Amino acid sequence: MSPTHRPPVEARVYAPADGEASDVELMPAGDVTEGVVRIGGTIRRPHQRQSRAVAEYLDWLEDAGFEGSPRFLGRDDEGRDVLTFVPGRCAAAVPEEWVQSEELLASVGRLVRRLHGASAGFVPRAHPFPPHPVPRRADRHDAAELVCHLDVTPQNVVVRDGRAAGLVDFDLAGPSTALRDSYNTAMHWVPLCDPADAWPGWEGLDPYRRLRIFADAYGWDREERRRLPGLGVDAGTLTHERMRHNAVALGGGWARMWDEGVGGLILRRRRWLQANAERLLDALLA
Ligand SMILES: Nc1ncnc2c1ncn2[C@@H]1O[C@H](COP(=O)(O)OP(=O)(O)OP(=O)(O)O)[C@@H](O)[C@H]1O
Ligand SMILES: [Mg+2]
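Every value quoted in this text rests on a predicted model; they were computed, and no experiment measured them.

S.K.: Just to check I follow, could you spell out the sheet that holds strand β2 (residues 37–39) for this structure?
M.R.: The strands that make up a sheet pair up through hydrogen bonds in the backbone, lying either parallel or antiparallel. Read across the sheet, five strands follow the order β1-β2-β3-β5-β4 without closing on themselves; strand pairing throughout is antiparallel. Of all strands in the sheet, those bounded by a partner on one side alone are β1 (24–26) and β4 (72–75). The sheet shows a mean angle of 30° between the axes of neighbouring strands, direction not considered. In this structure, β1 lies alongside β2, joined through three bridges in antiparallel fashion. Paired with L26 across the two strands is V37, which belongs to β2.

S.K.: Teacher, can you tell me more about the site of ligand 1 here?
M.R.: Taken together, 19 residues surround ligand 1, and among them V32, T33, V86, Q155 and D169 come closest. A distance of 2.6 Å separates an oxygen atom of ligand 1 from a polar atom in the side chain of T33. A distance of 2.6 Å separates an oxygen atom of ligand 1 from a polar atom in the side chain of D169. Out of a free accessible area of 600 Å², ligand 1 has 92% covered by protein chains.

S.K.: I keep staring at the pattern of salt bridges and nothing clicks. Help me out?
M.R.: Side chains that differ in charge, positive against negative, can pair when their charged atoms come close. Summed over all chains, the structure comprises 16 salt bridges. Between D63 and R6 there is a salt bridge, with its nearest N and O atoms 2.8 Å apart. On the criterion of sequence distance, the pair formed by D63 in helix α1 (residues 51–63) and R6 in the segment before β1 is long-range, its members being 57 residues apart. What makes D63 partly exposed here is its relative accessible area of 44%. Linking E223 and R226 is a salt bridge whose minimum nitrogen-to-oxygen distance equals 3.6 Å. Of this pair, E223 and R226 both sit in helix α5 (residues 222–249), three residues apart, which is roughly one turn of that helix. Residue classification places R226 among the partly exposed positions, given a relative accessible area of 45%. Salt bridges sharing common partners tie together R6, R12, D59, E62, D63 and R71.

S.K.: Would you take a moment to explain the side chain of S107 for this structure?
M.R.: Note on placement: S107 falls in helix α2 (residues 102–119). Taking the relative accessible area as the measure of exposure, S107 reaches 4% and is therefore buried. Contacts of S107, omitting those with residues within four sequence positions, involve G162, R163 and A164.

S.K.: Is there a simple way to explain the coordination of the magnesium ion (ligand 2) in this structure?
M.R.: Geometry sets the ideal angles at a metal, namely 109.5 degrees for four tetrahedral donors and 90 or 180 degrees for six octahedral donors. N156 (OD1) and D169 (OD) make up the full set of protein donors to the magnesium ion (ligand 2), lying at 2.2 Å. Highlighted residues: N156 in the loop between β6 (146–148) and β7 (157–160) and D169 in the loop between β8 (163–167) and β9 (174–176), separated in sequence by 13 residues. Judged by relative accessible area, D169 falls into the partly exposed class, the value being 21%.

S.K.: Looking at this structure, I do not really get the domain arrangement of the protein chain. What am I missing?
M.R.: How big an interface is tends to be stated in terms of accessible area lost as the parts join. Domain parsing of the protein chain yields domain 1 (3–84) and domain 2 (97–285). On a C-alpha basis, the centroid separation for the pair domain 1 and domain 2 is 24 Å. Each partner contributes residues to the interface: domain 1 has 23 residues there, and domain 2 has 32 residues. Summed over both sides, the interface of domain 1 with domain 2 buries roughly 2,100 Å², with 63% coming from carbon and sulfur. At the surface where domain 1 touches domain 2, the tally comes to two salt bridges. The partner of D169 in a salt bridge is R45, with the nearest N and O atoms 3.2 Å apart. Inspection of the domain 1/domain 2 interface yields 14 residue pairs in polar contact (both at pLDDT 80 or more). The dominant element in the side of domain 1 that touches domain 2, judged by the number of residues it contributes, is α1, at eight residues. Among the residues making up the side of domain 1 that touches domain 2, the classes are represented as 11 nonpolar, five polar and seven charged.

Thresholds applied
- Residues numbered from 1 in each chain as written.
- Chains lettered and ligands numbered in written order.
- Predicted model: local features only at pLDDT ≥ 70, side-chain atom pairs only at ≥ 80, totals over all residues.
- Heavy atoms only, no water.
- Pairing = 2+ DSSP bridges.
- Helix = DSSP H or I, 4+ residues; strand = E, 2+ residues; numbered from the N terminus.
- Axes fitted to C-alpha atoms, helices over the stretch in contact; angles between N-to-C directions.
- Near = heavy atom within 4 Å.
- Polar contact = N/O pair within 3.5 Å; in protein donor to acceptor, adjacent residues only side chain to side chain.
- Areas by Shrake-Rupley, 256 points an atom, 1.4 Å probe, with all protein chains shown as cover.
- Salt bridge = Lys/Arg side-chain N within 4 Å of Asp/Glu carboxyl O.
- Buried < 20%, exposed > 50% of the residue type's maximum accessible area, 1.4 Å probe, protein only.
- Contact = heavy atoms within 4.5 Å.
- Donors = N, O, S within 2.8 Å, 3.2 Å for Na, K, Ca; no water.
- Domains from an automatic or database assignment.
- Buried area = accessible area lost by both parts, 1.4 Å probe.
- Nonpolar A, V, L, I, M, F, W, Y, C, P; charged D, E, K, R; others polar.

The following block contains the structure:
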């Protein structure tokens, strides 16, 4: 849809293509959102409190020429958000061996860098992102500068020909900083965690080598590299608080993740980052 012919997000109604509804495919479930389905060339997701802010952001990315995000097409007759299906392959809950490819890792770094370039200047005006009930304290000196994705996990990256081609699931998008979003991406993709918490089949990977590959592909400068282990520790503190809050306040998938021990995993990651900060810095700066 060209920008000039696009109604405002709150007024956008999706008109189905002929014969489309006969072809409904359930998408692999994530942790929180239930009932994501594919119908023809579209994805339908339950409408959420952040949906309009996200839709405005997706419009912005389209206008900025970013090819890697779905387009918001409107809401269907069941009130669901309708997005374009981004063709390709996403990782399963336990990411498969092909997801370990270093070429893929580097391409994720480059894709997130392009996302940040395309996001620059976006300020949601008509529909602000809902404020988070647990505000950020850990890094006050680092005010929000950029709306970005904030959940670039292997399950939310669409891969084509072995390279990251798209991002889906903008549920956690909102104002943050490029450094936090790119650190969070590296955390998921390297991954940065206590080796005891690695996904099955991922235990043998070298996190120092992989972090360096990501760092070079994304393009962190020396100052950003120096800040990373500390920023990761602070992020762990905040994430722990937020997950605990969401488990109590929102229940559902948040409570399930908490009961399954995600809090312990976050604390073990923090300890691992602290214990290995010097080695991580060596790998980043050497
Ligand atoms: N626009 C899209 N194009 C292609 N595939 C998509 C798209 N949106 C979702 N998918 C596929 O459906 C899966 C689940 O969708 P999504 O990530 O949006 O929800 P979720 O992970 O269940 O949500 P949450 O992370 O909030 O629990 C994704 O991992 C991906 O495989
Ligand atoms: Mg997801």
